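A look at the structure
Next come the chains, spelled out residue by residue.
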There are 2 protein chains.
Amino acid sequence: MDLLSMEKNKAKSQSSRESYRWFWDALDSYLSDKNLKQTQQRRKLIELFLKMNNHISAEELHDAARKAGHNIGLATIYRTLNLLSEADLVEQKSFVNGRHVYEVNMPGEHHDHLICLKCGLVIEFENEEIEKLQERIATAHKFELKAHRLDLFGHCANKEECDLRNTN
Amino acid sequence: MDLLSMEKNKAKSQSSRESYRWFWDALDSYLSDKNLKQTQQRRKLIELFLKMNNHISAEELHDAARKAGHNIGLATIYRTLNLLSEADLVEQKSFVNGRHVYEVNMPGEHHDHLICLKCGLVIEFENEEIEKLQERIATAHKFELKAHRLDLFGHCANKEECDLRNTN
DNA sequence: GTGAATGCAAACATTTTGCAGGGTG
DNA sequence: CACCCTGCAAAATGTTTGCATTCAC
């Protein structure tokens, strides 16, 4: 009954460079489909975005770009993220506030979240049983299920790190 | 295996006047605890809010107040909704866009949603099995679970009504 | 070269805040 | 009568849009 081991470990696969091949490929075909262009800024932004942890806001990506020495307008950040969103390559979420955060949309994978209310720590998890139940509930209501969002809010265990993050 | 009948029917209990006694009581004690005051505007707004269906935005409540003949500033709407939010009497959510919607926070009850992507129809449901699984997942990650949000997105069955609502 | 992409600034939408006046306990 | 609450307007926040210029194909 070890739930933890039932969840796939995505962190590893996401950190290697090659694992995002599918992302760049999908982007390429989306761009040529729509007669859109590859640009320096887009490539740089997406590289940065993929290197950062998930749940990035436009502002964070903007800062990251500036720190990497690129002078890219905030408008371009939004336009790029919206593009990726329309291409179904990232997902736009709003956890709290009016702030949108974006995350890579791995096809066929789901992104449920455990979120610490004190420090904002986000842990991803996946649970097949819950997925199945969701399908059953949708069917019972004659809904054709397209997507879902499951966020669990609580307090994480690690007091020190939690307090640390909280001071930001 | 009839999931529908496993869910409590809240619509009925919410529509009767008396059923919100607990809400007003909780509000009273919150206000006196914090040395806050009862005012005409607050009472009116809350009465309206409780009479309306759930998932109300500040703007919608503002309109409702205007239509009821009250001249209440939008700032007061926000301040009231935030007050109720801090008192844990309503829950602030953001389904889409940057728009917050609010719903009554029935103590001990959960508000999961089935949302039609085409027409915006919202159906509430409750499922004990999912609740239990959530608790287990949180525990496995050493989280103390405080709240959750589960939204299922899909397409509803009723084509005509769906198209109708969609034109708004 | 044509049309899309960029940066900037202005526009926009939603929510918060400052302030003077009015109401509640 | 102290202090909270209100309405209004201004500010703050997050996101989008218009426009002239630059860049990709």
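The structure this text deals with has already been given above.
Quick caveat, the model's predicted, so the values are computed rather than measured.

Basis of the calculations
Residues numbered from 1 in each chain as written. Chains lettered and ligands numbered in written order. Predicted model: local features only at pLDDT ≥ 70, side-chain atom pairs only at ≥ 80, totals over all residues. Heavy atoms only, no water. Helix = DSSP H or I, 4+ residues; strand = E, 2+ residues; numbered from the N terminus. Buried < 20%, exposed > 50% of the residue type's maximum accessible area, 1.4 Å probe, protein only. Contact = heavy atoms within 4.5 Å. Areas by Shrake-Rupley, 256 points an atom, 1.4 Å probe, with all protein chains shown as cover. Pairing = 2+ DSSP bridges. Axes fitted to C-alpha atoms, helices over the stretch in contact; angles between N-to-C directions. Near = heavy atom within 4 Å. Polar contact = N/O pair within 3.5 Å; in protein donor to acceptor, adjacent residues only side chain to side chain. Phe/Tyr/Trp six-rings, centres within 6.5 Å; stacked < 30°, edge-to-face > 60°. Parallel < 35°, antiparallel > 145°, perpendicular 65-115°, else oblique. Buried area = accessible area lost by both parts, 1.4 Å probe. Salt bridge = Lys/Arg side-chain N within 4 Å of Asp/Glu carboxyl O. Nonpolar A, V, L, I, M, F, W, Y, C, P; charged D, E, K, R; others polar.

Time to look at the overall build of chain A. A count of helical and extended segments in chain A gives eight helices and six strands. The buried share of chain A, reckoned over its 168 residues, is 42%. Taking the contacts inside chain A whose residues are at least 6 apart along the sequence as the reference set, 51% of them involve residues at least 24 apart. Taken as a whole, chain A presents about 9,700 Å² of accessible surface, with 49% of it coming from carbon and sulfur.

Let us now look at the sheet that holds strand S5 (residues 122-125) of chain A. Taken in spatial order, the six strands line up as S5(A)-S4(A)-S6(A)-S6(B)-S4(B)-S5(B) in an open sheet, and their pairing is mixed. With partners counted over all chains shown, the strands left at the sheet margins are S5 of chain A together with strand S5 (122-125) of chain B, one partner each. Strand-to-strand twist in this sheet, taken as the mean axis angle between neighbours without regard to direction, amounts to 20°. Both strand S4 (residues 112-116) of chain B and strand S6 (residues 144-155) of chain B contribute to a ladder of four bridges, which runs parallel. Note that in S6(B) the partner of Ile115(B) across the bridge is Phe153(B).

Around DNA strand D lies a shell of 23 residues, among which Tyr78(A), Arg99(A), Gln41(B), Arg42(B) and Thr76(B) are the nearest. Put simply, 77% of the atoms of DNA strand D that lie within 4 Å of the protein are in sugar or phosphate. One of the side-chain N or O atoms of Thr39(B) is found 2.9 Å from a phosphate oxygen in DNA strand D. The contact in question runs from a sugar or linking oxygen of DNA strand D to an N or O atom on the side chain of Gln41(B), over 2.8 Å. For the surface near DNA strand D, the element with the highest residue contribution is helix H6 (residues 74-86) of chain A, accounting for five residues.

Moving on: the sheet that holds strand S2 (residues 90-93) of chain B. Residues and elements named next belong to chain B. Strand order in the open sheet formed by three strands is S1-S3-S2, with antiparallel pairing between adjacent strands. Single-partner strands in this sheet number two, and they are strand S1 (56-57) and S2. Where S2 and strand S3 (residues 101-104) come together, four bridges link them in antiparallel fashion. Each residue of the ladder has a partner; that of Lys93, found in S3, is Val101.

Glancing now at the protein's contact with DNA strand C. Close contacts around DNA strand C come from 23 residues, with Arg42(A), Asn71(A), Thr76(A), Tyr78(B) and Arg99(B) the closest. If you look at DNA strand C and keep only atoms within 4 Å of the protein, 71% of those are sugar or phosphate atoms. For DNA strand C, a base nitrogen lies 3.2 Å from a polar atom in the side chain of Lys37(A). Between Asn82(B) and DNA strand C, the recorded distance is 2.9 Å, taken from a side-chain N or O atom to a phosphate oxygen. Every element with two or more residues in the surface near DNA strand C is listed here: helix H4 (40-51) and H6 of chain A together with helix H6 (74-86) of chain B. With five residues, H6(B) is the largest single contributor of residues to the surface near DNA strand C.

Residues and elements named next belong to chain A. For the structure on display, the rule yields seven aromatic pairs over all chains. Residues Tyr20 and Trp22 carry aromatic rings whose centres are separated by 6.4 Å and whose planes lie at 45° to one another, so their mutual orientation is tilted. Given the relative accessible area of 27%, Trp22 is considered partly exposed. Here Tyr20 and Phe23 contribute two aromatic rings whose centre-to-centre distance is 6.3 Å and whose plane-to-plane angle is 85°, an arrangement assigned as edge-to-face. Taking the relative accessible area as the measure of exposure, Phe23 reaches 0% and is therefore buried.

Right, let's talk about the packing of H4(A) against H6(A) for a bit. Residue and element names in this part refer to chain A. Where H4 meets H6, the closest approach of the two axes is 10 Å, and the angle between their N-to-C directions is 75°. Relative to H6, H4 is oriented roughly perpendicular. Each of Gln41, Arg42, Leu45, Ile46 and Phe49 in H4 lies in contact with H6, whose residues at this interface are Thr76, Ile77, Thr80, Leu81, Leu83 and Leu84.

Chain A puts 42 residues into the contact, and the matching count from chain B is 42 residues. Interface area, chain A with chain B, both sides summed: about 3,900 Å², of which 67% is carbon and sulfur. By the criterion of area lost to chain B, the three top residues of chain A are Ile137(A), Phe143(A) and Arg149(A), representing 19% of everything that side buries. For the interface between chain A and chain B, the tally reads two salt bridges. Asp151(B) is the salt-bridge partner of Arg149(A), the closest N and O atoms lying 2.7 Å from each other. Put simply, chain A and chain B have nine residue pairs in polar contact (both at pLDDT 80 or more) between them. Put simply, the parts of the chain that give the side of chain A that touches chain B at least two residues each are helix H1 (3-6), strand S4 (112-116), S5, helix H7 (128-140) and strand S6 (144-155) of chain A. The class makeup of the residues in the side of chain A that touches chain B is 24 nonpolar, 10 polar and eight charged. Direction of pairing for S6(A) relative to S6(B): antiparallel, over a ladder of 11 bridges. Among the inter-strand pairings, Leu152(A) is bridged to a residue of S6(B), identified as His148(B).

What follows is about the environment of Glu160(B). Structurally, Glu160(B) can be placed in helix H8 (residues 159-166). Considered as a pair, Glu160(B) and Tyr78(B) are 82 residues apart in the sequence and their alpha carbons are 35 Å apart.

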